[in-house]
Amino acid sequence: MYKRLSEKLSESLKATLPIVAIVLLLALILAPIRPDVLLAFLLGAVLLVVGMMLFSLGAEVAMEPMGEKLGTHMTKTRKLWLILLLGFGLGCLITMAEPDLQVLANQVNAIPTSAMIWAVAGGVGLFLAVALLRTLLGVSLRLLLIIFYAATFLLALFAPPQFLAVAFDAGGVTTGPMTVPFIMAFGVGVSAIRSDEHAADDSFGLISLCSIGPILAVLILCLIYKPDTVAYDSTWMDPVANTIEMGTLFGRALPHYLKEMAIALLPVTAVFGLFQLISLKLNRRTVIRIGIGLLQTYSGLVLFLTGVNVGFMPAGSYLGYVLAGLDCKWIIIPLGMVIGYFIVKAEPAVYVLMRQVESITNGAISGKALQTSLSVGVAVSIGLAMLRVLTGISVMYMLIPGYAVAIGLSFLVPRIFTAIAFDSGGVASGPMTATFLLPFAIGASVTVGGNVTSDAFGVVAMVAMTPLVTIQLLGITYVVKQKLAKGAAVPAQGTAAAAGSAACTVIEL
């Protein structure tokens, strides 16, 4: 246990320290930040490190086994209607429990919050059912992605332009730290019942389809309510005079996230408990282990969300605001790319994805290669997002070509790379993006006098898009290396055969 804890602590420190170093360097050299905001950022970083450590351990011990066991057990019933019904229900429950969904719902003041939450949850639930059906029947993920993204962009033609960025952000925001570990493990459990060669490949792809549901749901709501404006929450921090007030600031936020995470974990725990009583019948030791893992997940998410929302959000706003106000304001593009490269490493769900990929592919696709590809993708996306902030280019001019390239690449790589790539988009656009990179873009947009709702929003959508391309480019590299290895093996075998023949000749002589 101590060894696992130290490993997770090391992962958390490696993920967080580069971000802290970058922010400190910018604050001391280029972008003056109020001391109280910088202190809040540093305290938030401490909470983030501990929170990531506990969450990562808890997800491995509890969330993943729960999802996998439920998926396997449901599939063994052989009742398709039950599998789809439970998949829809679980998708709705988990999404409604996502902390970032509340933030998204509050952004749109022209649509009732309850309508937004129910519609987005229903979208995820419906597409989780579709994803499960695809996994069971072995339907091509590429075909479904082409159909659903074509429908999404077609629907976007009729939506108000100022609303499009928020709608596409919804797809990334709702696949967060609660949704990803459970749904990914759920897919592994469902695919385990299949014995064909593509079963492992089809265990991925659930997150990618679930990311489409919220976009369609928000676009449909937009057509119904026809909102004129999109509100956004202020991310500035009120001045803090001393350390006692700073402690009070974090202390006030802690009960909120204690309650929020309790509500978030309750549905999943209740469903698992019900299945345990009725049919799973796991031994006492396993149940206790899962219970401890749930407590670790809960504690980790509470600390993580408190740290990033109270400490990271104001720092992101100030950095964006100050850097965009410099004489060479274009500098926010390369600096944003550097921040984006490192910040994705601090997304809790990224480590869940890395473990799943290494496990399913038996190490053929390394977690490190996957993480590097994600980092490059997010760096590119933040660079493009900062370009949008400075120029006011519509997010659709980047999303449409980006998704077209991603779909095109899916014809060139093994299907598992396409599934992993489209899952990665939802995984990369988690709470770190919503609480640091989005405020960074908002702060910069305010400085340059742009339209915040159309120019700054869309960062989450961009972060969700670029990994689709970079992960599949990793797949092309993988295919090329395999071909080169096979090409090298043939002459080597011929040489070995010739040597063997010569040896026989010598022996005969």
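Residues numbered from 1 in each chain as written. Predicted model: local features only at pLDDT ≥ 70, side-chain atom pairs only at ≥ 80, totals over all residues. Heavy atoms only, no water.

Could you give an account of the environment of Leu-133, with specific residues and numbers?
Among the secondary structure elements, Leu-133 is positioned in helix 5 (residues 113-137). In this structure, the C-alpha to C-alpha distance between Leu-133 and Gln-276, residues 143 residues apart in sequence, is 24 Å. Ignoring anything within four residues of it in the chain, the contact list for Leu-133 reads Leu-80 and Leu-84. (Helix = DSSP H or I, 4+ residues; strand = E, 2+ residues; numbered from the N terminus. Contact = heavy atoms within 4.5 Å.)

Explain the packing of helix 3 (residues 80-96) against helix 11 (residues 243-280) to me, and be specific about the residues and the numbers.
As a packed pair, helix 3 and helix 11 sit with axes 9 Å apart at the nearest point and diverge in direction by 145 degrees. Contacts between helix 3 and helix 11 involve Leu-86, Leu-90, Leu-93 and Ile-94 from the former and Pro-267, Val-268, Val-271 and Phe-275 from the latter. Of the residues assigned to the contact of helix 3 with helix 11, the class counts are eight nonpolar, no polar and no charged. (Axes fitted to C-alpha atoms, helices over the stretch in contact; angles between N-to-C directions. Nonpolar A, V, L, I, M, F, W, Y, C, P; charged D, E, K, R; others polar.)

Run through the side chain of Gln-276, naming residues and quoting values.
The topology assignment puts Gln-276 in helix 11. Not counting chain neighbours up to four residues away, the residues in contact with Gln-276 comprise Lys-281, Leu-282 and Val-287.

Describe helix 10 (residues 212-225), with residues and values.
One turn of the α-helix equals 3.6 residues, which is why residues spaced by three or four share an orientation. In a regular helix each residue adds 1.5 Å, so 14 residues correspond to 20 Å; helix 10 covers 20 Å between its end C-alpha atoms and thus fits that length. The element helix 10 is largely enclosed, with a buried count of 10 among its 14 residues. Listed in full, the buried residues belonging to helix 10 are Ile-212, Gly-213, Pro-214, Ile-215, Leu-216, Ala-217, Val-218, Leu-219, Leu-221 and Cys-222. Of the surrounding elements, those touching the buried residues of helix 10 are helix 5, helix 6 (141-156), helix 7 (161-173) and helix 9 (206-210). Of the residues trailing helix 10, Lys-226 is marked for its positive phi of about 50 degrees. (Expected span 1.5 Å × (residues − 1). Buried < 20%, exposed > 50% of the residue type's maximum accessible area, 1.4 Å probe, protein only.)

Break down a nonpolar patch on the surface for me, citing the residues and quoting the values.
On the surface, Leu-25, Leu-28, Ile-29 and Leu-30 cluster together into a nonpolar patch covering about 430 Å² of accessible area. Inspection of the secondary structure puts Leu-30 in the loop between helix 1 (2-29) and helix 2 (35-76). For Leu-30, a relative accessible area of 31% corresponds to the partly exposed category. (Patch = residues over 30% accessible without salt bridge, like charges linked within 9 Å, V, L, I, M, F, W, Y side chains within 5 Å. Areas by Shrake-Rupley, 256 points an atom, 1.4 Å probe, with all protein chains shown as cover. Salt bridge = Lys/Arg side-chain N within 4 Å of Asp/Glu carboxyl O.)

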